[in-house]
2 protein chains.
Amino acid sequence: MTPQTGTDDGAVSRRRLFGLAGAGAALAGAGVAAGIGIDRLGGENTAQAAVTTVDFHGAHQAGIVTPTQQNLHFAALNVTTKDRAKLVKLLRTWTEAARRMTAGQEVVANGAIGGGAEAPPGDTGEALDLPASSLTLTVGFGPSLFDDRFGLAAKRPEQLIDLPLFPKDKLDPARGGGDLCVQACANDPQVAVHAVRNLVRLGFGVTEVRWSQLGFGRSSSTSRTQTTPRNLFGFKDGTNNIKAEDTDVLREQVWADAADGQPWMAGGTYLVARRIRMHIETWDRERLTGQEEIIGRKKGDGAALGQAAEFDPVDLHVGGKDGKPLIPEDSHIRLASHETLNGARILRRGYNFVDGSDGVGHLEAGLFFLAFNRDSRRQFVPMQQALSTKDAMMEYIQHTGSAHFAIPPGVSEKGYWGEGLFG
Amino acid sequence: MTPQTGTDDGAVSRRRLFGLAGAGAALAGAGVAAGIGIDRLGGENTAQAAVTTVDFHGAHQAGIVTPTQQNLHFAALNVTTKDRAKLVKLLRTWTEAARRMTAGQEVVANGAIGGGAEAPPGDTGEALDLPASSLTLTVGFGPSLFDDRFGLAAKRPEQLIDLPLFPKDKLDPARGGGDLCVQACANDPQVAVHAVRNLVRLGFGVTEVRWSQLGFGRSSSTSRTQTTPRNLFGFKDGTNNIKAEDTDVLREQVWADAADGQPWMAGGTYLVARRIRMHIETWDRERLTGQEEIIGRKKGDGAALGQAAEFDPVDLHVGGKDGKPLIPEDSHIRLASHETLNGARILRRGYNFVDGSDGVGHLEAGLFFLAFNRDSRRQFVPMQQALSTKDAMMEYIQHTGSAHFAIPPGVSEKGYWGEGLFG
């Protein structure tokens, strides 16, 4: 996978199918160069289109170490059929649709299902005029998929546990779980929404939406080419995140290999999704130094307490005048540090959200936490156990949704999502 | 008001207050050139910052004819005090905050309320590294503000009616009404959210959030400099919208004048907000020609039926082979046309939304309709009456929220929002 990032501001029109007589038929056989978006009408292949396209194929799925895009649409789905063949067919259909949409094309080749103007359009149309906008689509399988419906029980990875209930969790069942998930990231929310909507549509009769979450303002960066964004507490988030460039750390902490127990997961990873409501009104009444002690970093430049600049290595042992550590015992970055977690790290890829208001006078705002790790039992779970029991930040947040998914490895040019599991 | 639009893709850092010792004090007196964002640290005044700033001041509020930005955060608020002086003080505070934020600065001059690190930060911080992103803030007053609490009954414009219940409305009280509204539009959702959040924060003890809505993908353009965006039915929306360049039409159809009855509203307008849930799954099963007959336009290029190109004038009288009009009697653009509405037009400025899922397997998606007109009694109401009773589209949509606001005129460099009403 070669992430190719760039600006998405130009209104590069690469989708213009409907109403253009014959265009669908003429272009149905057009090829797609790997990583490059092709204008289906006339083969214009602009530099701008190219730099906004992320290759769908590779050893790992895109959307994990891809430099974080600005917008997210995440959907968890229930499988409503017990027919394994239908599910496999859908995964093949989804894969083909994802190849097309991530290249900036309509979801199907000829724009209409079953033939022309008297059929429902094959693509819902709202992204027709928009470039690929670095769209990535990432699919995962939840623990419930491995029940007795599809004969997959023996292939359930031991890492794909039912996540425990952590102290202070207040989970809404309507915001958790799922047989499948689709993570759509793009630099245009309309492109991400279009992609999820069209996959959901293709799943009619096989899947239905269980829950769905929009996010913005990527709350972690995943590449050293990006500046560190801020969460809704106003702090830089992800300074010490695992980055795409850290290939050794990725191999150790993120990518599953065959020796982990399930060969079909080699090159895959495990995704933990947590909807974290932030009580921003309460947070906003905390004094600046109090906020900084809770996080363990300065609010302005993101430097760890006791350090001068954002990327200076964190030193948990620096003491203040009173002999106490400058980074307090109950601060977030201490408790989440691999130093205090036997080396365990995770790759975060969360987004900020505001879902309207809460009915009692506040904004319903927070962080939709997405993290990838090789074994949630040894990485996410002990980290969250420490945070939920000791983190001073817990006074200001509440986990309201939770889900866990096995993210299979990447797809080859002729393969499909989950081929190793079902094939 | 001089809208100055441009690209927002660069990570121009213009907000960097926290943690930079003394910067707040040193810059507290920095001036703001009209329409130009100023970097508060060192006075860098980049071209990029300039082109992403929309002037806050003018005869009319910004955010009405300003070329539609990509993202919306809209909030309706209840006033929780009965103290008129507190409300006026808040409007003054909000105005000053809006001057700063629309110029790309923090919400308050010195970054901390009441003095330094031991006070809560004056700005919540999540937009510190982001450019102004063409942020506009537009404030309105709902019918309920003119009750007996603040002595404003005699100043209630007769145009500011309580909107009637239209056929097929299914209004959720938790998504309608409000004493005040704030419309934040920007090309970065984090900037829009930051602005609303900080105004809400400043209102603590005086106002509280009643309801709130995020939107994306501007579903109407308001300037001939913009391409026409698409709504979640996949159609271009706003081809025949009133545009910023149509100054005569704006004078006639949008801007109130003193002769309209309330001199304080001269230069203002009236905003109708309607949350329109779209049943996209049902729509997606309609055939292409059926969709086009419901809308009255081609899906691909947006040309009206019977015309060749998007901006060809609509001709409602063109007949097909069977003698029936090509644009059907129950099509949306016919019923909403000023030809069939005695010349009445509105300026639309809506946004697409997806608010998670609906709990029964679908995305909770639709259009957050925002429209400005001079007299909702003669413009929006008859239009909506015609649509709600005859529009073939009603099978696919449901109005779930409704609100009406008087939008006062623009603010002078020393004025404040609502000065004419309260002054």
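Residues numbered from 1 in each chain as written. Chains lettered and ligands numbered in written order. Predicted model: local features only at pLDDT ≥ 70, side-chain atom pairs only at ≥ 80, totals over all residues. Heavy atoms only, no water.

A.B. asks: Quick question: what am I supposed to make of the overall build of chain A here?
C.D. replies: Looking only at helices and strands, chain A has 10 helices and 9 strands in total. The proportion of buried residues among the 423 residues of chain A is 62%. Nonlocal contacts in chain A, meaning residues at least 24 apart in sequence, comprise 76% of its contacts between residues at least 6 apart. (Helix = DSSP H or I, 4+ residues; strand = E, 2+ residues; numbered from the N terminus. Buried < 20%, exposed > 50% of the residue type's maximum accessible area, 1.4 Å probe, protein only. Contact = heavy atoms within 4.5 Å.)

A.B. asks: Explain the relation of the copies chain B and chain A to me, please; I cannot follow it from the model alone.
C.D. replies: Note: a rotation about an axis with an accompanying shift along it relates these two copies of the chain. Between chain B and chain A, the superposition needs a rotation of 180° and an axial shift of 0.0 Å, giving an RMSD of 0.0 Å. One copy is carried onto the other by what is essentially a two-fold rotation axis. Take the interface residues of chain B: 100% of them recur as interface residues in chain A, which is what a same-surface contact looks like. (Least-squares fit on C-alpha atoms with pLDDT ≥ 70 in both.)

A.B. asks: Explain the packing of helix α3 (residues 84–102) of chain A against helix α4 (residues 189–202) of chain A to me, please; I cannot follow it from the model alone.
C.D. replies: Packed helices, taken two at a time, are described by their axes: the angle between them and the distance between them. All names here are of chain A. For the pair α3 and α4, the least separation of the axes is 10 Å and the interaxial angle reads 155°. Looking at the two axes, α3 sits roughly antiparallel to α4. Along this stretch, α3 crosses α4, giving a crossing that reads as right-handed. Here α3 contributes L90, T93, W94, A97 and M101 to the contact with α4, which in turn contributes H194, A195, N198, L199 and L202. Class assignment of the residues belonging to the contact of α3 with α4 gives a composition of 7 nonpolar, 3 polar and no charged. (Axes fitted to C-alpha atoms, helices over the stretch in contact; angles between N-to-C directions. Parallel < 35°, antiparallel > 145°, perpendicular 65-115°, else oblique. Left-handed = near helix turned anticlockwise from the far one by under 90°. Nonpolar A, V, L, I, M, F, W, Y, C, P; charged D, E, K, R; others polar.)

A.B. asks: Whenever I open this one, unusual backbone geometry confuses me. Can you help?
C.D. replies: It is generally the case that most residues other than glycine have a negative phi and that most peptide bonds are trans. All names here are of chain A. Its identity is not glycine, yet S133 carries a phi of approximately 55°, on the positive side. Relative to the elements of secondary structure, S133 occurs in the loop between α3 and β2 (136–141). Overall, the relative accessible area of 1% leaves S133 in the buried class. Although it is not a glycine, S134 adopts a positive phi angle of roughly 60°. Inspection of the secondary structure assignment puts S134 in the loop between α3 and β2. Judged by relative accessible area, which is 1%, S134 ranks as buried.

A.B. asks: Sorry if this is basic, but what is going on with the UniProt feature "domain: Dyp-type peroxidase C-terminal" (unreviewed entry) in chain A here?
C.D. replies: Within the UniProt annotation, "domain: Dyp-type peroxidase C-terminal" (unreviewed entry) is assigned to residues 228–411 of chain A. Across residues 228–411 of chain A one finds 18% helix and 22% strand; the C-alpha atoms that close the span lie 30 Å apart. (UniProt positions renumbered as here; feature names shortened; annotations may be inferred.)

A.B. asks: Got a minute to help me understand the interface of chain B and chain A in this structure?
C.D. replies: Frequently, the measure chosen for interface size is the accessible area that the parts lose on association. Contact with chain B, which involves 57 residues of that partner, is made by 57 residues of chain A. Our enumeration of links across chain B and chain A arrives at 6 salt bridges. Residues R287 of chain B and E118 of chain A are paired through a salt bridge, measuring 2.6 Å at the closest nitrogen-oxygen approach. Where chain B packs against chain A, one counts 22 residue pairs in polar contact (both at pLDDT 80 or more). Breaking the side of chain B that touches chain A down by element, the ones donating at least two residues are β1 (71–79), α4 (189–202), β4 (207–216), α6 (280–283), α7 (288–295) and β7 (351–357) of chain B. Split by residue class, the side of chain B that touches chain A holds 20 nonpolar, 20 polar and 17 charged. (Salt bridge = Lys/Arg side-chain N within 4 Å of Asp/Glu carboxyl O. Polar contact = N/O pair within 3.5 Å; in protein donor to acceptor, adjacent residues only side chain to side chain.)

A.B. asks: Explain the nonpolar core to me, please; I cannot follow it from the model alone.
C.D. replies: The nonpolar side chains of soluble globular proteins are, as a tendency, buried together. With 86 residues, the main nonpolar core has W94, L137, F141, L145, W417 and F422 of chain A as its most contacted residues. Non-local contacts of F422 of chain A, meaning those with residues more than four positions away in its chain, are made with R84, L87, V88, L91, F141, L145, L152 and Y416 of chain A. By size, the runner-up hydrophobic cluster in this structure holds 79 residues, among which are V354 of chain A together with A97, L145 and L160 of chain B. (Core = buried A, V, L, I, M, F, W, Y, C linked by side-chain atoms within 4.5 Å.)

A.B. asks: I keep staring at the pattern of salt bridges and nothing clicks. Help me out?
C.D. replies: All names here are of chain B. A full pass over the atoms with the stated rule returns 50 salt bridges over all chains. Among the salt bridges present, the one from D162 reaches R156, with a minimum N-O distance of 3.6 Å. The exposure class of D162 is exposed, given its relative accessible area of 56%. For R156, a relative accessible area of 28% corresponds to the partly exposed category.

A.B. asks: Quick question: what am I supposed to make of the environment of R100 of chain A here?
C.D. replies: Residues and elements named next belong to chain A. Relative to the elements of secondary structure, R100 occurs in helix α3. Judged by relative accessible area, which is 10%, R100 ranks as buried. Separated by 97 residues in the primary sequence, R100 and R197 place their C-alpha atoms 14 Å from one another. Among the polar contacts made by the side chain of R100, one reaches the main-chain carbonyl oxygen of E106 at a distance of 2.8 Å. A polar contact is formed between the side chain of R100 and the backbone oxygen of V108, at a distance of 3.4 Å.

A.B. asks: Explanation requested: α4 of chain B in the structure shown.
C.D. replies: One turn of the α-helix equals 3.6 residues, which is why residues spaced by three or four share an orientation. All names here are of chain B. If you check α4, its first and last C-alpha atoms are 20 Å apart, about what 14 residues at 1.5 Å a residue would give, namely 20 Å. The buried fraction of α4 is high, at 13 of 14 residues. Here α4 starts with a cap whose side-chain oxygen sits 2.8 Å from the backbone nitrogen of Q190, and that cap is D188. (Expected span 1.5 Å × (residues − 1).)

A.B. asks: Quick question: what am I supposed to make of the packing of aromatic side chains here?
C.D. replies: Aromatic ring pairs: the centre-centre distance and the angle between the two ring planes describe each pair. Residues and elements named next belong to chain A. Following the criterion strictly, the structure yields 26 aromatic pairs over all chains and no others. Ring centres of F74 and W211 lie 5.5 Å apart, and the angle between their planes is 25°; this geometry places the pair in the stacked category. With a gap of 137 residues between them, F74 in strand β1 (residues 71–79) and W211 in strand β4 (residues 207–216) connect regions that are remote in the sequence. Judged by its relative accessible area of 4%, W211 is buried. Every member of this aromatic cluster is reached through a ring pair, and the members are F74, W211, F368 and F405. (Phe/Tyr/Trp six-rings, centres within 6.5 Å; stacked < 30°, edge-to-face > 60°.)

A.B. asks: What is the right way to look at the environment of G420 of chain A in this model?
C.D. replies: Residue and element names in this part refer to chain A. When you line up the elements, G420 lands in helix α10 (residues 419–422). Residue G420 is classed as partly exposed on the basis of its relative accessible area of 43%. Separated by 243 residues in sequence, G420 and G177 place their C-alpha atoms 23 Å apart. Once you skip the residues sitting within four places of it in the chain, G420 turns out to touch K155 and W264.

A.B. asks: Which parts of the structure should I look at to understand the environment of R377 of chain B?
C.D. replies: Residues and elements named next belong to chain B. Tracing the chain through its elements places R377 in the loop between β8 (363–373) and α9 (380–390). When sequence neighbours within four positions are dropped, the list of residues in contact with R377 reads E158, Q159, I161 and P382. A polar atom in the side chain of R377 sits 3.2 Å from the side chain of E158. Side-chain polar atoms of R377 contact the side chain of D375, separated by 2.8 Å.

A.B. asks: How should I be thinking about the side chain of R374 of chain A in this particular structure?
C.D. replies: Residue and element names in this part refer to chain A. Among the structural elements, R374 can be located in the loop between β8 (363–373) and α9 (380–390). Note on R374: relative accessible area 18%, which makes it buried. The contacts of R374, once residues within four sequence positions are left out, are Q159, R251, E252, Q253, V254, W255, A256, D257, D260, T269, Y270 and Q379.

A.B. asks: What is the right way to look at the pairing of β1 of chain A in this model?
C.D. replies: Put simply, side chains in a regular strand alternate between the two faces of the sheet. All names here are of chain A. Within β1, 9 of the 9 residues are buried, which leaves it mostly tucked inside the rest of the structure. The side-chain alternation of β1 yields two buried faces, one formed by N71, H73, A75, L77 and V79 and the other by L72, F74, A76 and N78. With 9 bridges joining them, β1 and β4 adopt antiparallel strand pairing. Looking at the pairing, L72 lines up with G215 of β4. (Pairing = 2+ DSSP bridges.)

A.B. asks: So what exactly am I meant to see when it comes to the side chain of N373 of chain A here?
C.D. replies: Locating N373 of chain A in the fold gives a position in strand β8. With residues up to four places along the chain from it excluded, the contact list for N373 of chain A reads Q253, V254, T269, Y270, R345, I346, Q379 and F380 of chain A.

A.B. asks: Any chance you could explain α9 of chain B here in plain terms?
C.D. replies: Among all positions of α9 of chain B, only F380, V381, M383, Q384, A386, L387 and S388 of chain B are buried. Taken together, the buried residues of α9 of chain B touch β5 (269–278), α8 (332–335), β8 and β9 (397–407) of chain B.

A.B. asks: Sorry, what's going on with the pairing of strand β3 (residues 180–186) of chain A here?
C.D. replies: Residue and element names in this part refer to chain A. Of all the 7 residues making up β3, 7 are buried; the element is thus mostly covered by neighbouring parts of the structure. Of the two faces of β3, the one lined by L180, V182, A184 and A186 and the one lined by C181, Q183 and C185 are each fully buried. With 7 bridges joining them, β1 and β3 adopt antiparallel strand pairing. By the bridge assignment, L72 is partnered in β3 with C185. Two elements, β2 and β3, share 6 bridges in a ladder whose sense is antiparallel. Within β3, the position partnered with G140 by the bridge is C181.

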